[in-house]
Number of protein chains: 4
Amino acid sequence: MANQLPGACSCAVMTAFKQPIEVREYQLPDDLRPGEILLRTELAGMCGTDVHLHKGELKVPLPLIMGHETTGFIAALGDSNTRDWLGTPLRVGDRVSFTVGRPCGKCRYCRVHRLPSRCLNRKAYGVNTPAGDAPHLLGGYGQYHFLYPDTAVFKLPDDLPSESVVGAGCALVTAVHGFERLRMQWGQSVVVQGAGPVGLAALAVAKEAGARPAIVIGGPRDRLERCKRFGADLTIDIEETPDPAKRLKLVREATYGLGADIVVECVCMPQAVAEGWELCRDGGSYLVLGHYGDAGPTSLNPHVITRKELTIIGSYGSEPQHWTVALEFLRERRKEYPFEELVTHRFGLSQVNEALTAVANWQTGKAVILPNG
Amino acid sequence: MANQLPGACSCAVMTAFKQPIEVREYQLPDDLRPGEILLRTELAGMCGTDVHLHKGELKVPLPLIMGHETTGFIAALGDSNTRDWLGTPLRVGDRVSFTVGRPCGKCRYCRVHRLPSRCLNRKAYGVNTPAGDAPHLLGGYGQYHFLYPDTAVFKLPDDLPSESVVGAGCALVTAVHGFERLRMQWGQSVVVQGAGPVGLAALAVAKEAGARPAIVIGGPRDRLERCKRFGADLTIDIEETPDPAKRLKLVREATYGLGADIVVECVCMPQAVAEGWELCRDGGSYLVLGHYGDAGPTSLNPHVITRKELTIIGSYGSEPQHWTVALEFLRERRKEYPFEELVTHRFGLSQVNEALTAVANWQTGKAVILPNG
Amino acid sequence: MANQLPGACSCAVMTAFKQPIEVREYQLPDDLRPGEILLRTELAGMCGTDVHLHKGELKVPLPLIMGHETTGFIAALGDSNTRDWLGTPLRVGDRVSFTVGRPCGKCRYCRVHRLPSRCLNRKAYGVNTPAGDAPHLLGGYGQYHFLYPDTAVFKLPDDLPSESVVGAGCALVTAVHGFERLRMQWGQSVVVQGAGPVGLAALAVAKEAGARPAIVIGGPRDRLERCKRFGADLTIDIEETPDPAKRLKLVREATYGLGADIVVECVCMPQAVAEGWELCRDGGSYLVLGHYGDAGPTSLNPHVITRKELTIIGSYGSEPQHWTVALEFLRERRKEYPFEELVTHRFGLSQVNEALTAVANWQTGKAVILPNG
Amino acid sequence: MANQLPGACSCAVMTAFKQPIEVREYQLPDDLRPGEILLRTELAGMCGTDVHLHKGELKVPLPLIMGHETTGFIAALGDSNTRDWLGTPLRVGDRVSFTVGRPCGKCRYCRVHRLPSRCLNRKAYGVNTPAGDAPHLLGGYGQYHFLYPDTAVFKLPDDLPSESVVGAGCALVTAVHGFERLRMQWGQSVVVQGAGPVGLAALAVAKEAGARPAIVIGGPRDRLERCKRFGADLTIDIEETPDPAKRLKLVREATYGLGADIVVECVCMPQAVAEGWELCRDGGSYLVLGHYGDAGPTSLNPHVITRKELTIIGSYGSEPQHWTVALEFLRERRKEYPFEELVTHRFGLSQVNEALTAVANWQTGKAVILPNG
């Protein structure tokens, strides 16, 4: 293990729901076992989910270091033979990112159903990995981050900026997973409900996969402008067009009068679902991508599913191979889909509360915490 | 055209919603053009949909001769070269059945999307084919039935009783269509919600396709007994087990603790959908097969779709190739799935009102009208 | 019917295999029945298949007016209510194209299997529609072209040049059909074997569908240059790299050492298939798109299919909905995929023999016959 | 580790290709590490592949203890917390079976492509696990069998005889895998080429999945008789019908004149493939299941793939989840598919040479080695 590491480091810790995040000191591990990695955190993206966690909407264990969209530099390796998920040897100083979820690999979902995103024993850094006990450093909002040997780590190529990775965040891998399940065909018309990070990622994947046209319904205006830069053929501003019937009319005019082949929900607003079903043509597909969080029930008519012969698909989180796809995509299509532009706000470790407020109020593109300044 | 045909015949006609059905006389067509067929009706099944039509829940045009599950004998042919849908030459006296829906073959759904079940100009005998104008005889509840040249007619094989065809009714072709969209794999566990005609048909298809186990939730008891005869591995009586949590527990016990690979909704009760989603394992599929009619909205949580990574599929009506599958299946698997047993009640043309009451009160297996006695 | 039509017109007619094509006069139809259309031919593309037909490699009936990639102007309509396949009303003077194949709509392939490209009674203009009997004018290499009512006609939009349509020819709809069957996912690596019209069309569809990388193996150099303009990430010149082992090495270097996710055969050379299987990664897909003609058997090892867990897909011709996709694609992506550039050589009706020689010797991009000068 | 274990045990060892198998003594391991298991072998099935291995047709390392279809009793466990692949705790004395292949879990096939059957570093007991070095006991033809911790072990339920498991052997899991890739639909017609173990397993899966009809082409007569007991609707004896054209005629007569929806190759004879393609209807699927071994190339015409729009699928070996499916199927459908009947010949450890001869000469159903008597 490298000599120059400090004995302890600062972390932004959630000790109670709805209360201010506190900066605390935690010990670095004395020693690393084979496969374990210690990172010096570079960028820690703030996901909308963190706002929900802070409100206590998911029962996560406390105290918690949040942050699940992270890049860092390898500060120490437990094992000189450590490799990243794709087999690349890792060295101290390498810049890496990693998947947040760690499935057990042993339950019936992991094994029989090959559905590790629904592992019965899934651990997720920054979500259900409390900081109380060693190794403490299990979230992005800290100067150092500990990684267990079963973490899928990815060495970042030199021509891929960390801002691209954190700008895309967990939104992009979520979209990659969702579109894998959707099996969109090139030339299909796609409506994306929502212009936030998940909506933008869904738009990018849809365009890259040959959507024609790709339509975004959302707001506010600057987000829709970014959608246009990412290739949206049509954007519908919900402030300018608050009437769902008018939005339906606009979508139908762009889709031979029938509705879109595919509609992708990216807003986590239950009431968007009924509108989304109407926006689909008969025989179309509806991907529920934005309801990672539980925003409660809504009124829906099952008859619509039967009558319109819809296919409705849910997709939850992501798996490491979706990271492989996402990282390649980010690197090779930076010009067309400049995800680094999303990083609009940077905060220090002591400013996590301000960052949470800014994200909650939709004031940011993507807010990023820089734990080491 | 054959000489012995009468000039007119009796039909049971719905002249107003919720009012008694009347028996009226209608003229037989003077002459048939090429491809047109006149049937002497043999059996006319009464579908649960007819009860809904009679209540005025769908805006169908009046006066209407209902009946869309029909067998009959060819009384006259407009053309001596007429063939059935599979190319078999047709002769006067042949026993046939036919698909109810007639898509236009020209709209974007018929052509571009190959989705004729959602044809924009679809006509359905006994549903949206009013009797006011010639050729009048456009529903099963009449002594004679007129068929347009674009009707998919099927000559019935001698070893397939008409009771099997009408007993299976539109439920079986609906299930065939639904399972085609579902793409079930052999060995998957299947829960069927509902023990009525659609549920029984879904059970038969699931068993034939290798479901293991096949579970039916429904009632009343005699319907569940029939499900057992059709091969259900487990039946759950909703009267004996009114608590959904207990039903979920029973299903999970039969499916490795996780829920079923596939759940098929066959009850047209919106509240069954939320229960059905819970009965699925994560990554499972939910087929909404029973909501042909609009039974209104219900409270549903989109988060469940995302979190459980469900695939939810709607399927509407059927197409002629589903008839091909269904008729072969009925004939070759009569011993395992004796659909003719469903025909429990027979009524004359003047007893349609009694029949509607019996069906509405779930007193029948399958009620059948015999317009010619 | 319009008054100004001549009584007869000139056509280039194949009267015997391997013999010079002759220019003959044929009568125009006296009258058109409802749905029938008479076109004044504008452009008639020469497909490589025509060379094979002329060599007698397919047993087509003679005399034959070849030409199955045609645009023309409506000269006369049998019916004032005639519409194109998508429902647009047609008028004299409209510029149109049309599908070559006319399935019967009644056989088991058309009906039960929904596979009209394999109709048992399929007719194809310019291929199996001899000119001996009226209406004679059943191929593109004539001044006028007769269309039966069951032809799928497409009115061409004003912003889509006929050169684009004929430049893309039947190659593009063939590729659209093939990729529909292939169900490629965005981000997959694709190798196209062949740089001719089918290869170029496959490349365009692959790129549009998000192939990464898209690699073309073929020649000669100017065709590969065109492939680069159409977006090929890598081209491998078979003259420069005649050793298949080296080509395999180049492909593997571009695909993580394993081979491509998808390989598309577009050369109609049987020996390309064994190489193509090697170019696939294990678990990859191989689309046999270029073997419309029968070029005979070759030596292949079935063990490779098992060991590599390949999926090998054949696709034959096209259906009208593939035209819908292709025409929209041509119009909306003209800048990225300038198919009109393929039209490099133009010939008059008396020069069909020269055109056949030029195409047989690979001297042309796309050769086009202008029957009316 | 249990006290009563001997220090060494007897094994049948292949020391050179085409030479007699020798019985040798090998040391049992002194100690087991966590997760390691030592079995006392009960039954070791002889697969046709073993005959090929003995002939030297695959370059496997020597000396080798063959045998990759094995049941045994746990003699010692390295770890008291050892569980089987589905999480069931394991105890000394438990009867188990296990998958032969051990993928590395780390290569691009294991990770990115989720294709562990094509792992770049796959180890297979009895195939590429030489006996020269400790732990020596890595094949079924020995009194004891060593299992590494990454082996997928399955505790056998009490109501599932070992003869069923070994009778089904690797043929059944191979068929389970193949049909998973095939995605057969219920009601499809299926032709199985071959009546040996793989053919019988494919027949069983096809019938269970609702094949109608299920046809087997093969021999000799007693194998076809067993196919009939397993539910074959039609068997075609290649000795009685040696002319492929007549076999094609028989298949077409049973499939509406067009050929089968699905044909499954289970004979490892390359020349069967060309016949198999002809037996498919246009648009049908062909599963190459029997070419695990390399039997060399054959003459095939790629045009047939295009013209018939075939889908040709390869499937190699199996994965642990296919074992889960197979074991459940064996247990629950023993009456319909009595795989234990296949075990017709039993041999001691010193009779392996006789067994190889018997299997090579097709004299057996399934030959089984009983290493402990």
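The coordinates are above.
The model shown is predicted, which means the values in this text are computed figures rather than measured ones. (Residues numbered from 1 in each chain as written. Chains lettered and ligands numbered in written order. Predicted model: local features only at pLDDT ≥ 70, side-chain atom pairs only at ≥ 80, totals over all residues. Heavy atoms only, no water.)

Visitor: In this structure, what is going on with the state of the cysteines? I would like to understand it.
Guide: Disulfides are covalent bonds that link the sulfur atoms of two cysteine residues. According to the stated counting rule, one finds zero disulfides over all chains in the structure shown. Between Cys170(B), a free cysteine, and Cys47(B), which holds the nearest cysteine sulfur, the sulfur-to-sulfur gap is 3.8 Å. Judged by its relative accessible area of 22%, Cys170(B) is partly exposed. Cysteine Cys107(C) remains unbridged, with the sulfur of Cys110(C) as its closest cysteine sulfur at 3.8 Å. (Disulfide = S-S within 2.5 Å. Buried < 20%, exposed > 50% of the residue type's maximum accessible area, 1.4 Å probe, protein only.)

Visitor: Which parts of the structure should I look at to understand the interface of chain B and chain A?
Guide: Listed per partner, the contact involves 42 residues of chain B and 42 residues of chain A. With both chains or domains summed, chain B and chain A bury close to 3700 Å², and 56% of this area falls on carbon and sulfur atoms. Counting the surface chain B buries against chain A, the share from its top three residues, Pro302(B), Thr306(B) and Glu309(B), is 18%. Run the count over chain B and chain A and you get four salt bridges. (Contact = heavy atoms within 4.5 Å. Buried area = accessible area lost by both parts, 1.4 Å probe. Salt bridge = Lys/Arg side-chain N within 4 Å of Asp/Glu carboxyl O.)

Visitor: When you look at the environment of Ala211(D) in this model, what are you seeing that I'm missing?
Guide: Relative to the elements of secondary structure, Ala211(D) occurs in the loop between helix 4 (197–208) and strand 11 (214–218). Sequence-wise, Ala211(D) and His145(D) are 66 residues apart; in three dimensions their C-alpha atoms are separated by 39 Å. With residues near it in sequence (within four places) discarded, Ala211(D) still touches Arg333(B), Met184(D), Gln188(D), Val190(D), Ala206(D) and Asp233(D). (Helix = DSSP H or I, 4+ residues; strand = E, 2+ residues; numbered from the N terminus.)

Visitor: Can you walk me through the relation of the copies chain D and chain A in this structure?
Guide: Structural alignment of chain D on chain A gives an RMSD of 0.1 Å, achieved by rotating through 180° and translating 0.0 Å along the axis. A rotation of that kind, with that shift, is consistent with a two-fold axis. Among all residues of chain D, the one whose C-alpha sits closest to the rotation axis is Arg114(D), at a distance of 4.4 Å. Comparing contact sets, 100% of the residues at the interface of chain D also lie at the interface in chain A, consistent with an isologous, same-surface contact. (Least-squares fit on C-alpha atoms with pLDDT ≥ 70 in both.)

Visitor: Looking at this structure, I do not really get the pairing of strand 11 (residues 214–218) of chain B. What am I missing?
Guide: A regular strand places its side chains so that they alternate between the two faces of the sheet. All names here are of chain B. In terms of residue burial, strand 11 counts as a mostly covered element, since five of its five residues are buried. Every second residue of strand 11 is oriented toward a common face, with Ala214, Val216 and Gly218 on one face and Ile215 and Ile217 on the other, all of them buried. With four bridges joining them, strand 10 (residues 190–193) and strand 11 adopt parallel strand pairing. For Val191, the partnering residue across the bridge sits in strand 11 and is Ile215. Note: strand 11 against strand 12 (residues 234–237), four bridges, orientation parallel. Residue Ile215 lies in a different strand from strand 12, and its bridge partner there is Leu234. Tracing the backbone out of strand 11, into helix 5 (residues 221–229) and back to the parallel element strand 12 gives a crossover that is right-handed. (Pairing = 2+ DSSP bridges. Right-handed = clockwise from strand over helix to strand, strands pointing away.)

Visitor: Looking at this structure, how should I read helix 9 (residues 320–332) of chain B?
Guide: Turn by turn, an α-helix covers 3.6 residues, leaving residues three or four places apart pointing in a common direction. Along its 13 residues, helix 9 of chain B runs 19 Å from first to last C-alpha, staying within 8% of the 18 Å computed at 1.5 Å per residue. Along helix 9 of chain B, the positions that sit buried rather than exposed are Gln321(B), His322(B), Trp323(B), Thr324(B), Ala326(B), Leu327(B), Glu328(B), Phe329(B) and Leu330(B). Close packing links the buried residues of helix 9 of chain B with strand 5 (95–98), strand 9 (153–155), helix 3 (162–182) and helix 4 (197–208) of chain B together with helix 2 (108–111) of chain C. (Expected span 1.5 Å × (residues − 1).)

Visitor: What is the right way to look at the interface of chain D and chain A in this model?
Guide: Interface extent is often summarised as the accessible area lost during association of the parts. Across the contact, 13 residues belong to chain D and 13 residues belong to chain A. Summed over both sides, the interface between chain D and chain A buries roughly 1100 Å², with carbon and sulfur atoms accounting for 46% of that surface. Broken down residue by residue, the surface that chain D buries against chain A is led by Trp85(D), Arg111(D) and Arg114(D), which jointly contribute 48%. Salt-bridge contacts for Arg108(D) lead to Glu328(A); the nearest nitrogen and oxygen are separated by 3.4 Å. Summed over the shared surface of chain D and chain A, the number is six residue pairs in polar contact (both at pLDDT 80 or more). Listed by contribution, the elements that provide at least two residues to the side of chain D that touches chain A are helix 2 (108–111) and helix 9 (320–332) of chain D. Residues that form the side of chain D that touches chain A fall into these classes: three nonpolar, two polar and eight charged. (Polar contact = N/O pair within 3.5 Å; in protein donor to acceptor, adjacent residues only side chain to side chain. Nonpolar A, V, L, I, M, F, W, Y, C, P; charged D, E, K, R; others polar.)

Visitor: What is the right way to read the sheet that holds strand 11 (residues 214–218) of chain C from this model?
Guide: Consider a sheet: its strands pair through backbone hydrogen bonds, and that pairing is either parallel or antiparallel. Spatial ordering of the open sheet is given by 12(C)-11(C)-10(C)-13(C)-14(C)-16(C)-16(D)-14(D)-13(D)-10(D)-11(D)-12(D), a layout of 12 strands whose pairing is mixed. Two strands bound the open sheet, and with one partner strand each, they are strand 12 (234–237) of chain C together with strand 12 (234–237) of chain D. Taking the axes of each pair of neighbouring strands and ignoring which way they run, one obtains an average angle of 15° across the sheet. Bridging between strand 14 (residues 280–288) of chain D and strand 16 (residues 311–314) of chain D involves four bridges; their strand directions are parallel. Among the inter-strand pairings, Ser285(D) is bridged to a residue of strand 16 of chain D, identified as Thr311(D). Contacts between helix 3 (residues 162–182) of chain C and the sheet are confined to strand 13 (260–265), strand 14 (280–288) and strand 16 (311–314) of chain C together with strand 16 of chain D, with strand 14 of chain C contributing the most and set at about 145° to the helix. Together, strand 10 (190–193), strand 11, strand 12 and strand 13 (260–265) of chain D form the strand contacts of helix 6 (residues 244–253) of chain D, whose direction differs from that of strand 12 of chain D by roughly 175°. (Axes fitted to C-alpha atoms, helices over the stretch in contact; angles between N-to-C directions.)

Visitor: Where do I start with the pairing of strand 8 (residues 144–147) of chain B in this structure?
Guide: All names here are of chain B. Of the two faces of strand 8, the one holding Tyr144 and Phe146 and the one holding His145 and Leu147 are both buried throughout. One ladder, built from four bridges, connects strand 3 (residues 37–46) with strand 8; its direction is antiparallel. The partner of Arg40 across the bridge, within strand 8, is Tyr144.

Visitor: Quick question: what am I supposed to make of the pattern of salt bridges here?
Guide: Think of it this way: side chains of opposite charge can pair up when their charged atoms draw near. Taken as a whole, this structure holds 86 salt bridges over all chains when the rule is applied. For Arg247(B), the salt bridge is made with Glu275(B), and the minimal N-O distance between the two is 2.8 Å. On the criterion of sequence distance, the pair formed by Arg247(B) in helix 6 (residues 244–253) and Glu275(B) in helix 7 (residues 271–279) is long-range, its members being 28 residues apart. The buried category is assigned to Glu275(B), whose relative accessible area is 16%. Two residues, Arg24(C) and Glu22(C), come together in a salt bridge whose shortest N-O distance is 3.5 Å. Judged by relative accessible area, Arg24(C) falls into the partly exposed class, the value being 33%. Judged by its relative accessible area of 35%, Glu22(C) is partly exposed. Shared partners join several salt bridges into a network, and the residues in it are Asp159(A), Arg331(A) and Glu332(A).

Everything listed is a geometric property; what it means functionally is a separate question.
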